[in-house]
Protein chains: 4
Amino acid sequence: MYRIGIVGDGYTAAELLRLMVGHERFEAVYISSTENIGRPISELYPELYGRINLICEATDIHTIKQRCDAVFLALPHGLSVPMVRELVAAGIPCVDLGADFRLRDARLYEQYYGLRHEAPEMLPQAVYGIPELHREEIKKAPFVANPGCFPTAAIVPLTPLLQRGLIEPGGIIIDAKSGVSGAGRGLRTSSLFCEVHEGTHPYGVGTHRHGPEIAQELSRAAGTGVDMVFTPHLVPMNRGILSTIYCRIKPGVDPVQIRQVMVEAYAEEYFFQVLPQGIMPHTKWVYGSNELHLNAYADQNGHAILFCAIDNLCRGASGQAIQNMNLMLGLDETMGLNGTGVHP
Amino acid sequence: MYRIGIVGDGYTAAELLRLMVGHERFEAVYISSTENIGRPISELYPELYGRINLICEATDIHTIKQRCDAVFLALPHGLSVPMVRELVAAGIPCVDLGADFRLRDARLYEQYYGLRHEAPEMLPQAVYGIPELHREEIKKAPFVANPGCFPTAAIVPLTPLLQRGLIEPGGIIIDAKSGVSGAGRGLRTSSLFCEVHEGTHPYGVGTHRHGPEIAQELSRAAGTGVDMVFTPHLVPMNRGILSTIYCRIKPGVDPVQIRQVMVEAYAEEYFFQVLPQGIMPHTKWVYGSNELHLNAYADQNGHAILFCAIDNLCRGASGQAIQNMNLMLGLDETMGLNGTGVHP
Amino acid sequence: MYRIGIVGDGYTAAELLRLMVGHERFEAVYISSTENIGRPISELYPELYGRINLICEATDIHTIKQRCDAVFLALPHGLSVPMVRELVAAGIPCVDLGADFRLRDARLYEQYYGLRHEAPEMLPQAVYGIPELHREEIKKAPFVANPGCFPTAAIVPLTPLLQRGLIEPGGIIIDAKSGVSGAGRGLRTSSLFCEVHEGTHPYGVGTHRHGPEIAQELSRAAGTGVDMVFTPHLVPMNRGILSTIYCRIKPGVDPVQIRQVMVEAYAEEYFFQVLPQGIMPHTKWVYGSNELHLNAYADQNGHAILFCAIDNLCRGASGQAIQNMNLMLGLDETMGLNGTGVHP
Amino acid sequence: MYRIGIVGDGYTAAELLRLMVGHERFEAVYISSTENIGRPISELYPELYGRINLICEATDIHTIKQRCDAVFLALPHGLSVPMVRELVAAGIPCVDLGADFRLRDARLYEQYYGLRHEAPEMLPQAVYGIPELHREEIKKAPFVANPGCFPTAAIVPLTPLLQRGLIEPGGIIIDAKSGVSGAGRGLRTSSLFCEVHEGTHPYGVGTHRHGPEIAQELSRAAGTGVDMVFTPHLVPMNRGILSTIYCRIKPGVDPVQIRQVMVEAYAEEYFFQVLPQGIMPHTKWVYGSNELHLNAYADQNGHAILFCAIDNLCRGASGQAIQNMNLMLGLDETMGLNGTGVHP
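None of these values were measured; they are calculated from a predicted model.

### So, helix α1 (residues 11-21) of chain B
- With 10 of its 11 residues buried, α1(B) lies for the most part within the structure.
- Residues of α1(B) that are buried include every one of B:Tyr11, B:Ala13, B:Ala14, B:Glu15, B:Leu16, B:Leu17, B:Arg18, B:Leu19, B:Met20 and B:Val21, and no others.

Here's what the structure looks like:
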């Protein structure tokens, strides 16, 4: 068994623990917190009662290095940098679920996160952790920057089309709908049940931090700068992201190729399901799972619409993080992750 | 009191009755049904118990003409045509909440609704009932075609921008999110609670009947053919539509004009609220009301994003229908409609 | 127009404003806050945007006395006492939506609310504001203690049965299910969407403050001490309380009398609907309204089960408060309150 | 691998398949349907797409006997009897998720289900499948009657108290709150999203079929006839049952024994968690799992309140069915069932 440490006690930490209950090679041995030191984690998340008996400890890198074989960091931005530096130096594999190593450009990080990056020299080492796109790099990575939830659901459907040059790199519209758990467990009026339930609204219009992350990875796939608009919305559900992506088919490209290329690109991927023609993704179908459902519609006027559904906490965070760690440790990538969506 | 008849017993009929309870000049005197003849309407909709004592009758045009001063038709498509013909001939004002008289082009109707239109000669008389855009015509109309819910939430924000030529008439993307009541009370697996709750998904991609209706009205506003994509989504809430509209600002137009023109165009409208800068619409805030909230975001790269929130059953159907009828009867347009959103 | 003041800016204050928009004799002229002084109330509750233009002020009794003809207090417990004292002295009618004057026994108040009551001498003057039970007293009251939401939904169905001696005063079980708005707008982890949605749980078991309030009023109705158990539960909805009440029919009483007595007791009440035999209340049917739906089931083994549904914010708080104020001011009791449930 | 057959294609069948995806010894090889013959099961339940490739077949007992080592029956009442007879005769272990073999008394079955039981002589062989209560019998059973969801959540908390004689066998009140999936996937107006969402209501008052099933098992535990009232409610969530159970402590029993006896009775059970004192069950914490959370409150006046939360589809149906089958086949009881609740 690998002895696993988790730094942080938010929803993504709870999801890591939930998934580890069913992982045959991972055993959670350490969890740290700032506000809940000394409390059993099962008191914060009673679904773990009787299964996970850890007590939240203060974050201490020395303890972590002594007790853990591998580490997940589930921290607010800015706090991962010193941890990653120490863990990499100690040769302990780590996956950072936070945002500190996702953007390659330290100035962009500073602009969007309002913080000076404290280890810009480490940015080139970070591997962006979508396993189906960067599997070989992840296997050899000293640490992995786990992608944001919205970026995962935008980059996966667009990458094969941009790589093969089927769509224009300009004018891409990503309209995303997210469940509320993406906002975390922090106390905000806007996260109260009565402010969310029976309502849908956009947020972070033009300013969301996942925008530059998506642009970076799409530009990498396209081999050229991509012009895009990203608008997230909050819908009244616990989990799930649906991204609806509008793009322009390049002149001369047969619209049927759009879906066809998706099918081919991901035919061998265990977790990616291009649904049958005309069956569009539904976030319910991936609820609680590491699955990613996708499909495409293309018309004769040059419009293509791509759809992608994931569970934001699982495939959009903790599930993908475990998948990355499995790869880093040489395990079967799917270990602990084979559950399907919980429906109804 | 005007004696009001309602033909149909679905959700929009129930909403008409709810609104009439608070309308000082309308009294519901007749409701007809096909499946529930002989049952009290308060048995179908117990929220009306003790307030509305009507019994559902079989639809009979002679009875309607004898007993009613004005009529709302809340029928599946195809069924309104003969009713409207008779009512117009009898000089009885009517608002058709169905789709039969929304499209000007009978061939388009046939293509999208799969029915030959039985009274194409009446199409030119129909007034498209968004009161804030066509108020004077509505006052004089023999009957009004009440708009679809999605079209209302798309046409209102776009019209002033297209009319003034601030945005390109091509490449308009309308991404709409709707509550479930828009699907009606019919029995379909996809409308079951357990198939909807905790999920979001697109539907009618590329084929939704509200597409041509939106295109028709936008082209009218623009004075030229408009190229657009319309994608509706279902989100797990009873009521509400949020439309997120992506368009391109014309070269040379200052982005600040986008919101400014909206503000000016609708400054005098009682039901339309352009929210303060940066406060984006939320469907909760219009829940149960005839209000329409809107706002805009525009950047320096030529992208404009418009947002519009309505209650699909009220402003998107029955509230707007009553507003139209108020105008047709020479009453104050806001009569019976002054409630604000029910929040939380 | 009566110039109305509201002290407090929580959900019940917002609901008072929503209802006043449709009230022909009430005009909100003053609202006070502690945390939002200087902010437009429509910024806190954008559903009021364009309709209510008040700015939140600091609470100041002199201002209130100068500007207001009548006042609603929507404050946490303990804070109403000094306000009520001043308003009563000034002869300004007030309805206290808080808990300070509901319990007759100052020691019980101290035990359950952890505060010494600062005006126990005023307790006998307070009228407990369920209009259908205490109408004449309310008309003459210097101020009214507006009931708690759970007590309203428990006292109304039980009172006629206890008054007429049809059921035992012992062993009454009140199992209540409430929407989340009852918990207010305060920031608590347990009120977050993700902690509530897709879950049901009990709270305040054996200790909820509405327990002694219910016991007091039931004992008054029975003319003897009542033994009861009250257990509230939180269910994932914004609004609504359903109370399910189990009691024992007295020996010799015909079970059919149970429902019959309810029907007779409330036959003349505009807002109370005893539903047809076998149709049990549903909180949806009273959503957003001042209605109270009830019904009863009784078997041959001496068990009676009573059901009562209300909207906790409207009939359970602000709607009932306006009904009380209407009575105090000699207006028609139903003014501004005739809306039916918003369904779906 | 055991080759597993499933008869039926409703929600419990889908849940069986979901759980089997993670079961190391069960492979689904057969699924039958009446309405969906010839359709891939992943078309009905797209969460299974890419994982379960079965096609729905017509139900045929010969095929089942040839292809399957063990069978789950997920059928409407009345349809299981002939299947069970054949499977038992063929020595094929089967778990019946339906109601046909739960009631020992064929007359009671006839009274509540409106059908004459076609194999009353087999009733004594049926083992009532709550493994933690009847483990040894289940291991040896020719077939198992899987309990109803409400009964599971009522019998488990009450049994140790009744067995040890701590509470009165009379006047037990079981107030249960259920998610909507318990109503199945059939098309009924009352199961539509818009009829359920934002509402709570009782149903089957005094007549629900799980009433006699609960009474039978409680009487068995008490060793005497039990007098009880059972009232189910529908709350707007997909999954979950919370039962709140009111009972009377026998004179002379110390109230602290109530919870203590629960703790002792179930201390060794993997799936049963008596939560820490004062932490009451929440259906969210068991969502999607085979867990059963419980706790108790008891006061000095002789009132005890028991709480029990389960997932109605998993522990209340398919999870418990797999647990039963594991026992029948001599496997580790927890195989395939170790997932914790999915929260948030």
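### Some remarks on the interface of chain B and chain A
- Opposite the 40 residues of chain B that make contact, chain A presents 40 residues.
- Surface buried jointly by chain B and chain A totals about 3400 Å² across both partners, of which 60% is contributed by carbon and sulfur atoms.
- It is B:Glu198, B:Thr200 and B:Tyr246 in chain B that bury the most area against chain A; as a group they hold 19% of the surface buried on that side.
- On the surface where chain B and chain A come into contact, there are two salt bridges.
- As a salt-bridge pair, B:Lys177 and A:Asp175 come within 3.0 Å of each other at their nearest N and O atoms.
- Counting every contact that joins chain B to chain A gives 26 residue pairs in polar contact (both at pLDDT 80 or more).
- Contributions of two or more residues to the side of chain B that touches chain A are made by β8 (172-178), α8 (193-196), β9 (201-202), β10 (228-234), β11 (241-248) and β14 (303-310) of chain B.
- Its residues assigned to classes, the side of chain B that touches chain A comprises 19 nonpolar, 13 polar and eight charged.

### A short note on the relation of the copies chain A and chain C
- Taken as rigid bodies, chain A and chain C are interconverted by a rotation of 180° and an axial shift of 0.0 Å, the fit giving an RMSD of 0.0 Å. Read as a symmetry element, the transformation amounts to a two-fold axis.
- Here 100% of the interface residues in chain A have copies in chain C that are interface residues too; the copies meet face to matching face.

### Observations concerning the sheet that holds strand β8 (residues 201-202) of chain C
Residue and element names in this part refer to chain C.
- Judged by pairing direction, the sheet is mixed, and its seven strands sit side by side in the order β8-β9-β7-β10-β13-β12-β11 without closing on themselves. On the outer flanks of this sheet lie β8 and β11 (272-274), each paired with one strand and no other.
- When strand β7 (residues 172-178) meets strand β10 (residues 241-248), the two strands line up antiparallel, connected through six bridges. Bridge pairing in β10 links Lys177 to Leu242.
- Sheet contacts for helix α7 (residues 149-163): β7, β9 (228-234), β10, β11, β12 (292-298) and β13 (303-310); angle to β10, the most-contacted strand, approximately 35°.

### Topic: the interface of chain A and chain C
- With 19 residues of chain A at the contact, the number on the chain C side is 19 residues.
- Here chain A and chain C share an interface that buries about 1800 Å² over both sides, 61% of which is from carbon and sulfur atoms.
- Of all residues in chain A, the largest losses of buried area upon contact with chain C belong to A:Leu187, A:Leu192 and A:Phe193, amounting jointly to 36% of the total for that side.
- Counting every contact that joins chain A to chain C gives two salt bridges.
- With a shortest N-O distance of 3.0 Å, A:Arg185 and C:Glu195 are connected by a salt bridge.
- On the surface where chain A and chain C come into contact, there are eight residue pairs in polar contact (both at pLDDT 80 or more).
- Its residues assigned to classes, the side of chain A that touches chain C shows nine nonpolar, six polar and four charged.

### Section: the packing of aromatic side chains
- Under the definition given, this model contains 32 aromatic pairs over all chains.
- Centroid distance A:Tyr270 to A:Phe271: 5.0 Å. Interplanar angle 80°. Geometry classified as edge-to-face.
- Both rings, one in D:Tyr266 and one in D:Phe272, keep their centres 4.9 Å apart while their planes meet at 85°; by these two values the pair is edge-to-face.
- Judged by its relative accessible area of 5%, D:Tyr266 falls in the buried class.
- By relative accessible area, which is 2% here, D:Phe272 ends up buried.
- One cation-aromatic arrangement involves A:Arg239 over A:Tyr287; the distance from NZ or CZ to the ring centre is 6.0 Å.

### Focus on a negative patch on the surface
- Residues A:Glu24, A:Asp332, D:Glu24 and D:Asp332 make up a contiguous surface patch of negative charge.
- Counting through the fold element by element, A:Asp332 comes out in the segment after α11 (314-328).
- A:Asp332 gets classed as partly exposed once you look at its relative accessible area, which sits at 46%.

### Topic: the relation of the copies chain B and chain A
- With an RMSD of 0.0 Å, chain B superimposes on chain A once it is rotated by 180° and translated 0.0 Å along the axis.
- Taken together, the interface assignments show that 100% of the residues at the interface of chain B recur at the interface of chain A, consistent with an identical surface on both copies.

### Some thoughts on the side chain of D:Ser219
All names here are of chain D.
- Looking at where Ser219 falls in the secondary structure, it is placed in helix α9 (residues 210-222).
- Look at Ser219 and you get buried, because its relative accessible area is 19%.
- Apart from the residues lying within four places of it in its own chain, the contact partners of Ser219 are Thr224, Gly225 and Val226.

### Things to note about the pairing of strand β1 (residues 2-7) of chain A
All names here are of chain A.
- Where β1 lies against strand β2 (residues 26-33), six bridges are found, and the strand directions are parallel. For Val7, the partnering residue across the bridge sits in β2 and is Ser32.
- Between the parallel elements β1 and β2, the chain passes through helix α1 (residues 11-21) in a crossover that is right-handed.
- Inspection of the sheet shows β1 paired to strand β4 (residues 70-73) by four bridges, in the parallel sense. Paired with Val7 across the bridge in β4 is Leu73.

### What to know about the domain arrangement of chain A
Residue and element names in this part refer to chain A.
- Segmentation of chain A into domains returns domain 1 (2-147 + 315-328) and domain 2 (149-312).
- Its C-alpha centre places domain 1 at a distance of 24 Å from the equivalent point of domain 2.
- Carbon and sulfur atoms supply 50% of the area that domain 1 and domain 2 bury against each other, a total of about 2400 Å² over both sides.
- The three residues of domain 1 that bury the most area against domain 2 are Tyr11, Tyr112 and Arg315, which together make up 27% of that side's buried surface.
- Where domain 1 touches domain 2, the interface holds three salt bridges.
- Applying the counting rule to domain 1 against domain 2 returns 19 residue pairs in polar contact (both at pLDDT 80 or more).
- Mapped by element, the contributors of at least two residues to the side of domain 1 that touches domain 2 are α1, α5 (106-113), α6 (131-140) and α11.
- Per-element tally for the side of domain 1 that touches domain 2: the top contributor is α11, with six residues.

### What about the packing of helix α1 (residues 11-21) of chain C against helix α11 (residues 314-328) of chain C?
Residue and element names in this part refer to chain C.
- Across the interface, α1 lies against α11 with an axial gap of 9 Å and an inter-helix angle of 50°. As judged from the angle between their axes, α1 and α11 are oblique. The two elements α1 and α11 cross, and the hand of that crossing is right-handed. Between α1, through Thr12, Glu15, Leu16, Arg18, Leu19 and Met20, and α11, the contact on the second element is made entirely by Cys314, Ala317, Ser318, Gly319, Ala321 and Ile322.

### Considerations on the environment of A:Glu43
All names here are of chain A.
- Structurally, Glu43 can be placed in helix α2 (residues 41-44).
- Residue classification places Glu43 among the partly exposed residues on the basis of a relative accessible area of 43%.
- Distance from Glu43 to Asn53, taken between C-alpha atoms, is 9.8 Å for residues 10 residues apart in sequence.

### Concerning the environment of C:Ala265
All names here are of chain C.
- Within the element layout of this structure, Ala265 appears in helix α10 (residues 256-266).
- With a relative accessible area of 29%, Ala265 lands in the partly exposed category.
- Sequence separation between Ala265 and Pro236 is 29 residues, and the spatial gap between their C-alpha atoms is 33 Å.
- Ignoring sequence-local partners within four residues, the contact set of Ala265 consists of Pro160 and Arg164.

### Quick notes on the environment of C:Ala89
- Within the fold, C:Ala89 resides in helix α4 (residues 80-89).
- Between the C-alpha atoms of C:Ala89 and C:Pro142, which are 53 residues apart in sequence, the distance is 9.2 Å.

### Describing the sheet that holds strand β1 (residues 2-7) of chain C
Residues and elements named next belong to chain C.
- In spatial order, the strands read β2-β1-β3-β4-β6-β5; together these six strands make up an open sheet with parallel pairing. This sheet does not close on itself; its edge strands, each paired only once, are β2 (26-32) and β5 (127-128).
- The strands touched by α11 within the sheet are β2, β3 (70-73), β4 (94-96) and β6 (143-145), with β4 carrying the most contacts at an inclination of about 155°.

Parameters and conventions
- Residues numbered from 1 in each chain as written.
- Chains lettered and ligands numbered in written order.
- Predicted model: local features only at pLDDT ≥ 70, side-chain atom pairs only at ≥ 80, totals over all residues.
- Heavy atoms only, no water.
- Buried < 20%, exposed > 50% of the residue type's maximum accessible area, 1.4 Å probe, protein only.
- Helix = DSSP H or I, 4+ residues; strand = E, 2+ residues; numbered from the N terminus.
- Contact = heavy atoms within 4.5 Å.
- Buried area = accessible area lost by both parts, 1.4 Å probe.
- Salt bridge = Lys/Arg side-chain N within 4 Å of Asp/Glu carboxyl O.
- Polar contact = N/O pair within 3.5 Å; in protein donor to acceptor, adjacent residues only side chain to side chain.
- Nonpolar A, V, L, I, M, F, W, Y, C, P; charged D, E, K, R; others polar.
- Least-squares fit on C-alpha atoms with pLDDT ≥ 70 in both.
- Pairing = 2+ DSSP bridges.
- Axes fitted to C-alpha atoms, helices over the stretch in contact; angles between N-to-C directions.
- Phe/Tyr/Trp six-rings, centres within 6.5 Å; stacked < 30°, edge-to-face > 60°.
- Lys NZ or Arg CZ within 6 Å of the ring centre and 35° of its normal.
- Patch = residues over 30% accessible without salt bridge, like charges linked within 9 Å, V, L, I, M, F, W, Y side chains within 5 Å.
- Areas by Shrake-Rupley, 256 points an atom, 1.4 Å probe, with all protein chains shown as cover.
- Lys, Arg positive; Asp, Glu negative; His and termini not counted.
- Charge placed at Lys NZ, Arg CZ, Asp CG, Glu CD.
- Right-handed = clockwise from strand over helix to strand, strands pointing away.
- Domains from an automatic or database assignment.
- Parallel < 35°, antiparallel > 145°, perpendicular 65-115°, else oblique.
- Left-handed = near helix turned anticlockwise from the far one by under 90°.

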